[in-house]
Amino acid sequence: MSNPILSLCMPTNGVSEWVFPVLDSIYNQGCKNTDFEVVLTDNGNNEKFKQDIKLYIKKYQNLQYFETSALPFLNEIESYKRANGELIKFVNHRTKFLPGALELLIRYAKNNIYKKPITYFSNGGLKLEDKEKYFSTFDEFVSNLSYWSSWSTGMTIWKEDFEKLPKDMSGFNELFPHTDVLFSEKYRCNYVINDTVIFDEIPQGKKPKGAYDLFYAFGVEYPSIILKLYRNGCISVKTYQKVTQDNLFFVAELYFKYFIKKEYCSYDLSGLNDMYCVFYRKHDLKNALIKVIGNKLKRKIKM
C-alpha cells in the first residue's frame, strides 16, 4: 500500500489473545482502508499465531505483516521503518481502539499534515482539562509530559521526522528507544499533547507483559535519558527536577503494586536494591511510597 495518511504500527511477540481483538477493534471502526495501514512486526515464535495472522491478512490489503528477530523494544523501531503513512502511530498489541478513535487519528493527521507538530497521545493519563495542549518549546513539552514519555503507547511521529533519524539506531536506549525517537526533535516551536482517551487496555491475565528488570528500567535507565537532556542544555533544571520527582512517585506505585499488593508480575524485580543511590535513595522511595499510600486511602475514604 502506498501513501496512506496514517500508519498504525504494532510490534508484537505473537499473543493471539491480544493482537486479534486489537486488530478487530481497528477494522470495526468503519474508516476507509485507503486512509490508513496497519504494520505488524512479530519477533515471537508462536507458530499458531503466524498461521492465523496470515489468514487474517487475506481480508485486508492495508495490513502488512513482517517477521523479525529484533529485540523486544527495538521491534517497535522495526515497525516504524516499514511504515508508509504520513503520520506513524504506535499501537500497543494489548490496547483496543475505542469507537471513533481511528477517525480521530486520521482527522488529526489530515489537519496537521503541513505543520507536523511533535505529538504525543497520553490517553487520558495526564487528566488535562483541555484535551489538546500546545507548547512552543521542547522544555515545556518535556515538563508537561513528565514520566509519560517513557510510555510507548502514546508514541507518535511524522514519517518525515522519522526519516531524519540515523539508519543505524542500535545506539538508542534499548529499553526506551521510543523515548529517544520522541525526543529527537528538540528545537521545534510546535509540540502537542493530546489527552483524549482513545485506547482501552485488555486485561493482562497471566500472559507475561515483559521480563526486563523493572526497577532498573524506571529507576535508572529512564531518568538517565532525562539527565542527558539536562546536561545537553535541552531542558531546564526545573524540568529535570520535576520529571525525575514525578517518576519517583511512579516507581513507588510500581513498588506498591508488586511488593505490597503482590499482583501477578512477569517482570524481573530483583534490581530494586541496585536502583538505590543512582538517582533515588531508599529513603526517597520510602517517603514517596508513604505519600502514594496516603493518597490511595484519601480517595478510598471519599468514595
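Now for a description of the structure that goes with this document.

Reading the values: rules and limits
Residues numbered from 1 in each chain as written. Predicted model: local features only at pLDDT ≥ 70, side-chain atom pairs only at ≥ 80, totals over all residues. Heavy atoms only, no water. Helix = DSSP H or I, 4+ residues; strand = E, 2+ residues; numbered from the N terminus. Rg over C-alpha atoms; globule rule 2.2 N^0.38 Å. Buried < 20%, exposed > 50% of the residue type's maximum accessible area, 1.4 Å probe, protein only. Contact = heavy atoms within 4.5 Å. Lys, Arg positive; Asp, Glu negative; His and termini not counted. Charge placed at Lys NZ, Arg CZ, Asp CG, Glu CD. Axes fitted to C-alpha atoms, helices over the stretch in contact; angles between N-to-C directions. Parallel < 35°, antiparallel > 145°, perpendicular 65-115°, else oblique. Nonpolar A, V, L, I, M, F, W, Y, C, P; charged D, E, K, R; others polar. Pairing = 2+ DSSP bridges. Expected span 1.5 Å × (residues − 1). Arc of directions from axis to C-beta. Phe/Tyr/Trp six-rings, centres within 6.5 Å; stacked < 30°, edge-to-face > 60°. Salt bridge = Lys/Arg side-chain N within 4 Å of Asp/Glu carboxyl O. Polar contact = N/O pair within 3.5 Å; in protein donor to acceptor, adjacent residues only side chain to side chain.

### Considerations on the overall build of the protein
Phase 1 of the analysis: Each helix and strand counted, the protein has eleven helices and ten strands in total.
Phase 2 of the analysis: For a compact globule of 303 residues, the expected C-alpha radius of gyration is about 19 Å, and the protein comes in at 19 Å, within 12% of that figure.
Phase 3 of the analysis: By its C-alpha atoms, the protein is 55 × 45 × 45 Å across when sized along the principal axes.
Phase 4 of the analysis: Classification of the 303 residues of the protein by burial places 52% in the buried group.
Phase 5 of the analysis: Taking the intrachain contacts of the protein between residues at least 6 apart in sequence as the baseline, contacts between residues at least 24 apart amount to 84%.
Phase 6 of the analysis: The positive charge centre, built from 42 side chains, and the negative charge centre, built from 35, are 5 Å apart in the protein.

### Comments concerning the packing of helix α9 (residues 237–260) against helix α11 (residues 282–302)
Phase 1 of the analysis: α11 packs onto α9 with a crossing angle of 75 degrees between their chain directions and a minimal axis gap of 8 Å. On the basis of their axis angle, the class for α9 and α11 is roughly perpendicular. Of α11, the residues touching α9 (which contributes Leu248, Phe249, Val251, Ala252, Glu253, Tyr255, Phe256 and Ile260) are Asp284, Leu285, Ala288, Leu289, Lys291, Val292, Ile293 and Lys296.
Phase 2 of the analysis: Partitioning the contact of α9 with α11 into residue classes produces twelve nonpolar, no polar and four charged.

### Points about the sheet that holds strand β8 (residues 156–158)
Phase 1 of the analysis: What the five strands build is an open sheet, ordered β3-β2-β1-β4-β8; its pairing is mixed. Looking at which strands have only one partner, the edges of the open sheet turn out to be β3 (63–67) and β8. If you compare each strand with its neighbour and ignore which way they point, the axes differ by 20 degrees on average.
Phase 2 of the analysis: Where strand β4 (residues 87–90) lies against β8, three bridges are found, and the strand directions are antiparallel. Residue pairing in the sheet places Leu87 in a bridge with Trp158 of β8.

### So, α11
Phase 1 of the analysis: Taking 1.5 Å per residue, 21 residues should reach 30 Å; α11 reaches 31 Å between its end C-alpha atoms and fits that length.
Phase 2 of the analysis: Considered for burial, the residues of α11 that qualify are Asp284, Leu285, Ala288, Leu289 and Val292. Across the axial projection of α11, the buried residues extend over an arc of 130 degrees, all falling on one side. Opposite the buried face of α11, by more than 90 degrees, sit the exposed residues Lys286, Ile290, Lys291, Leu297, Lys298 and Ile301.
Phase 3 of the analysis: Contact partners of the buried residues in α11: α9 and α10 (272–275).

### Some thoughts on the packing of aromatic side chains
Phase 1 of the analysis: Inspection of the entire model under this criterion finds 24 aromatic pairs.
Phase 2 of the analysis: On the numbers, 5.9 Å between centres and 20 degrees between planes, the contact of Tyr147 with Trp148 is stacked.
Phase 3 of the analysis: Relative to Tyr222, the ring of Phe176 has its centre 5.7 Å away and its plane inclined at 55 degrees; by these criteria the two rings are tilted. Taken together, the residues Phe176 in the loop between α6 (159–162) and α7 (177–182) and Tyr222 in helix α8 (residues 214–231) connect sequence positions 46 residues apart.

### Overview of the sheet that holds strand β6 (residues 118–121)
What holds strands together in a sheet is hydrogen bonding between their backbones, with the strands either parallel or antiparallel.
Phase 1 of the analysis: Reading across the sheet, the three strands line up as β6-β9-β7 and stay open at both edges, with mixed pairing between neighbours. Pairing within the sheet leaves two strands with one partner each, and these edge strands are β6 and β7 (132–135). Ignoring strand direction, the axes of neighbouring strands in this sheet form an average angle of 15 degrees.
Phase 2 of the analysis: In this sheet, strand β9 (residues 191–194) lies alongside β6 in parallel orientation, the contact comprising four bridges. Bridge assignment links Phe121 to a residue of β9, and that residue is Asn194.

### Some points on the packing of helix α1 (residues 16–27) against helix α2 (residues 47–57)
The relative placement of two packed helices is expressed as an angle between their axes plus a distance between the axes.
Phase 1 of the analysis: In contact at an axis separation of 11 Å, α1 and α2 are set at 10 degrees when each is read in the N-to-C sense. By the criterion of interaxial angle, the relationship of α1 to α2 is roughly parallel. Residues Ser16, Val19, Phe20, Leu23, Asp24 and Tyr27 of α1 form the contact with α2, whose participating residues are Phe49, Asp52, Ile53 and Tyr56.
Phase 2 of the analysis: Classifying every residue of the contact of α1 with α2 by side-chain character gives seven nonpolar, one polar and two charged.

### Here's the deal with the side chain of Lys89
Phase 1 of the analysis: Within the secondary structure, Lys89 is located in strand β4.
Phase 2 of the analysis: Glu76 provides the closest opposite charge to the buried, unpaired Lys89, separated from it by 8.1 Å.
Phase 3 of the analysis: A distance of 3.1 Å separates a polar atom in the side chain of Lys89 from the backbone oxygen of Met155.
Phase 4 of the analysis: Sequence-distant contacts of Lys89, defined by excluding residues within four places in its chain, comprise Leu6, Ser7, Leu8, Cys9, Leu105, Phe121, Thr153, Gly154, Met155, Thr156 and Phe199.

### Focus on the pairing of strand β1 (residues 6–12)
Across a regular strand the side chains alternate sides, sitting on one face of the sheet and then on the other.
Phase 1 of the analysis: In terms of residue burial, β1 counts as a mostly covered element, since seven of its seven residues are buried.
Phase 2 of the analysis: Going residue by residue along β1, you find Leu6, Leu8, Met10 and Thr12 tucked away on one face and Ser7, Cys9 and Pro11 tucked away on the opposite face as well.
Phase 3 of the analysis: Where β1 lies against strand β2 (residues 36–42), seven bridges are found, and the strand directions are parallel. In the strand pairing of β2, Leu6 is matched with Phe36.

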